[in-house]
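Working through the structure, step by step
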Amino acid sequence: MATSNSSSIVSSTFYLTGIPGYEEFHHWISIPFCLFYIVGITGNCSILHIVRTDPRLHEPMYYFLAMLSLTDMAMSLPAMVSLFRVLWSISREIQFNICVVQMFLIHTFSFTESSVLLAMALDRYVAICHPLRYATILTPKLIAKIGIAALLRSAIPLIPLLVRLAFFPFCHSHVLSHSYCLHQDIIRLACADVRFNVIYGMVVITMLWGMDSLGILITYVFILHSVLRIASREGRFKALNTCASHICAVLILYVPMIGVSIVHRFAKHSSPFVHIFMAHIYLMVPPVLNPIIYSVKTKQIRQGIFHLICPHKINSAM
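Residues numbered from 1 in each chain as written. Predicted model: local features only at pLDDT ≥ 70, side-chain atom pairs only at ≥ 80, totals over all residues. Heavy atoms only, no water.

**Description of the overall build of the protein chain**
Applicable threshold: Secondary structure elements follow DSSP: runs of H or I of four or more residues count as helices, runs of E of two or more count as strands, with numbering from the N terminus. The globule rule is 2.2 Å times the number of residues to the power 0.38, and the radius of gyration it is compared with is taken over C-alpha atoms. In this scheme, a residue with accessible area under 20% of its type's maximum is buried, one over 50% is exposed, and one in between is partly exposed, where area comes from a 1.4 Å probe on protein chains only. Per-residue accessibility takes into account occlusion by the displayed protein chains alone, with areas from the Shrake-Rupley method and a 1.4 Å probe. Note on charges: Lys and Arg go in the positive column, Asp and Glu in the negative column, and His and the chain ends are not counted at all. To locate a charge, the coordinates of NZ of Lys, CZ of Arg, CG of Asp or CD of Glu are taken.
Helix and strand content of the protein chain: 14 helices and two strands. Against the 2.2 N^0.38 benchmark of 20 Å for 318 residues, the protein chain shows a C-alpha radius of gyration of 22 Å, consistent with a compact globule. Considering only C-alpha atoms, the protein chain reaches an extent of 75 × 45 × 35 Å along its principal axes. Counting only residues that meet the buried cut, the protein chain has 46% of its 318 residues in that class. Here the protein chain displays about 16700 Å² of accessible surface, and carbon together with sulfur accounts for 72% of that area. Between the mean site of the 22 positive side-chain charges and the mean site of the 12 negative ones, the protein chain shows a separation of 10 Å.

**Points about the packing of aromatic side chains**
For clarity, the cut-off: Aromatic pairing here means that ring centres of Phe, Tyr or Trp (its six-membered ring) are within 6.5 Å. Orientation follows from the plane angle: under 30 degrees is stacked, over 60 is edge-to-face, and everything else is tilted.
Counted according to the given criterion, the structure contains eight aromatic pairs. Taking 6.2 Å as the distance between ring centres and 40° as the angle between the ring planes, the aromatic pair formed by F14 and F96 counts as tilted. Placement of the pair is F14 in strand β1 (residues 13–15) and F96 in helix α4 (residues 96–129), with a sequence separation of 82 residues. The class of F96 is buried, set by a relative accessible area of 6%. Relative to F222, the ring of Y125 has its centre 6.2 Å away and its plane inclined at 70°; by these criteria the two rings are edge-to-face. Within this pair, whereas Y125 is found in helix α4, its partner F222 is found in helix α9 (residues 195–227), the two being separated by 97 residues in sequence. The exposure class of Y125 is partly exposed, given its relative accessible area of 25%. With relative accessibility at 48%, the residue F222 sits in the partly exposed group. Among the aromatic residues, ring-to-ring pairing joins F14, F96 and F170 into one connected group.

**Quick notes on the packing of α4 against helix α6 (residues 140–155)**
The cut-off we apply is this: In this analysis an axis means a line fitted to C-alpha atoms, helices contributing only their contacting stretch, and an angle means the value between N-to-C directions, from 0 to 180 degrees. Under this scheme an angle from 65 to 115 degrees is roughly perpendicular, one under 35 degrees roughly parallel, and one over 145 degrees roughly antiparallel; angles in between are oblique. Left-handed describes a crossing in which the near helix is turned anticlockwise from the far one by less than a right angle; the clockwise case is right-handed. By definition, residues are in contact when any of their heavy atoms lie within 4.5 Å. In this classification, Asp, Glu, Lys and Arg are treated as charged, Ala, Val, Leu, Ile, Met, Phe, Trp, Tyr, Cys and Pro as nonpolar, and every other residue, Gly included, as polar.
One way to put it is that α4 packs onto α6 with a least axis distance of 8 Å and a crossing angle of 140°. Accordingly, the angle class assigned to the pair α4 and α6 is oblique. Seen from above, α4 lies across α6 with right-handed handedness. For the pair α4 and α6, the contacting residues are F104, T108, F109, F111, T112, S115 and A119 in the first and I146, A150, L151, R153, S154 and A155 in the second. Looking at the contact of α4 with α6 residue by residue, the classes come out as eight nonpolar, four polar and one charged.

**Topic: the state of the cysteines**
Stated formally: To count as a disulfide, a pair of cysteine sulfur atoms needs to be within 2.5 Å.
On inspection of all chains with the given rule, the structure shows one disulfide. Note that C99 is cross-linked by a disulfide to C181, the S-S spacing being 1.9 Å. Disulfide C99-C181: the torsion about the S-S bond is -115°, which places it as left-handed. Within this pair, whereas C99 is found in helix α4, its partner C181 is found in the loop between α7 (159–165) and α8 (183–187), the two being separated by 82 residues in sequence. No difference in accessibility class separates C99 from C181, as the two residues are buried. Residue C34 stays outside any disulfide, its sulfur separated by 15 Å from that of C45, the closest cysteine. The exposure class assigned to C34 is partly exposed, which follows from its relative accessible area of 24%.

**Here's the deal with the side chain of Q102**
Filter applied, for reference: Any pair of N or O atoms that falls within 3.5 Å is considered a polar contact. Within protein, one atom must be able to donate a hydrogen and the other to accept it, and sequence-neighbouring residues count only if both atoms are side-chain atoms.
Among the secondary structure elements, Q102 is positioned in helix α4. Accessibility expressed as a relative area gives 6% for Q102, which makes it buried. In terms of polar contacts, Q102 uses its side chain to reach the backbone carbonyl oxygen of P78, at 2.8 Å. Of the polar contacts made by the side chain of Q102, one reaches the backbone nitrogen of C181; its length is 2.8 Å. Each residue touching Q102, except ones within four places of it in the same chain, is listed here: P78, A79, S82, I94, Y180 and C181.

**A few points about the UniProt feature "transmembrane region" (unreviewed entry) in the protein chain**
We apply this condition: UniProt positions are given in the numbering used here, feature names are shortened, and annotations may be inferred rather than shown by experiment.
Under the UniProt annotation, the feature "transmembrane region" (unreviewed entry) is placed at residues 28–51, 63–88, 94–122, 142–167, 198–223, 244–267 and 273–293. For the annotated span residues 28–51, helix accounts for 100% and strand for 0% of the residues, and the straight-line distance between the end C-alpha atoms is 36 Å. Helix makes up 96% of residues 63–88 and strand 0%, and the two end C-alpha atoms of the span are 37 Å apart.

**Quick look at the environment of Q184**
Looking at the secondary structure, you find Q184 in helix α8. Given a relative accessible area of 32%, Q184 falls into the partly exposed group. As for Q184 and K238, which are separated by 54 residues in sequence, their C-alpha atoms are 43 Å apart.

**A few points about a nonpolar patch on the surface**
How we decide: By definition, no residue in a patch forms a salt bridge, and every one has over 30% relative accessible area; like charges are joined within 9 Å, nonpolar side chains (Val, Leu, Ile, Met, Phe, Trp, Tyr) within 5 Å. The salt bridge criterion pairs a side-chain nitrogen of Lys or Arg with a carboxyl oxygen of Asp or Glu, the two atoms within 4 Å.
On the surface, a cluster of nonpolar side chains totalling about 860 Å² of accessible area is made up of Y22, F25, W28, I31, L35, I38, F273 and F277. Relative to the elements of secondary structure, L35 occurs in helix α2 (residues 26–53). A relative accessible area of 53% places L35 in the exposed class.

**Overview of the pattern of salt bridges**
Where charged atoms from two side chains of opposite charge come close, those side chains can pair. What the rule picks out here adds up to five salt bridges. Between D123 and R124 there is a salt bridge whose closest N-O contact spans 3.0 Å. The burial state of D123 is the same as that of R124; both residues are buried. Across the salt bridge formed by R195 and D193, the nearest N and O atoms sit 2.8 Å from each other.

In C-alpha cells, the structure reads:
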C-alpha cells in the first residue's frame, strides 16, 4: 500500500528524455537549441519594446503582434527550462506538481496563440473591408478584452484534465517521451481508466484549434471576396500583401501542430528521434520565425529594429 501511494499523485517523480542514442552529444546538441531560443527571445522582446516605445505603432495590428510575441515566449519558455536541464545533465527528474504546471502552461499558451491568430485575422478583415471604421471598431479597450478572453478561453477548459490527473496512480514506467511534460504523454503512464481524458482532450482540441482554424479560413474568404472587388491590380496586391505575414504565422503554428498530431496518431512505432524532433519543432519554430517574418514584411517593425541596432545612424539620416 505504501508503495502504491508513493507512486501516485503529488509524490510521483517523472524522468524527462533528451535525445535517445545521442546522450554523449547532448552538450553539443544544446548549442543550436540555445542559439534558436536566444534568437526567438531577442526577436520577440525587440518587437515588444518597439511596439511599446514607438507611438506610431500604437495601432490594433501592432497590439495584436505584441500579444503574439508574448504568447510565443510564454509557450516556449517552460519547455526550454527543462530541455536545457536535460541536455546539460543537470537533472532528468521532474516532480508531478511541476510537470502538471508545465503541461498547463504549454497547452494554455498553444491554444492562446491560435486564438490570437484568429484575432489577427479579424484585424486584417476590418482593416481591408472597413478601413474607415478600423480605429473605432478595434479600440484599445476591445483589444485588451480580446486578449483576456483568449487566455481564459484557453486555460479554463484544461482544468478538468488537471483535476483528473491528480487522482491517477502511476505504476508504469515514469519515463516521459520528451524533455517537457505534455498531457498525452502523462496519461500514457497512468494505471487507470483514461478514456475521459482522451475523449475530453480531443473535444477541447477540436473546439479550440478547430474553431480557430475554421474562423481564420472564413475570415480570409471574406477578405479575398473584398479584395477581388478592388479595381486596380496594384490595389489588390497591396491589400493582400498586408496579410502575408499573418498567413505565414498561421502556417508556422498549424503545420508543425498537424505534423505532431500525425506522428502521435499514426507513427507511434517510429523512431523516438522523430517524435522528439517534431515536438521541439512545434514549440521552437513559431517563437523564432514569427519575429523574423514580421521584421522582413512590416516596414515599421523593420525600421524599429534598425533603430535599436544602429540608433546613431538612423538619427543622423533623419
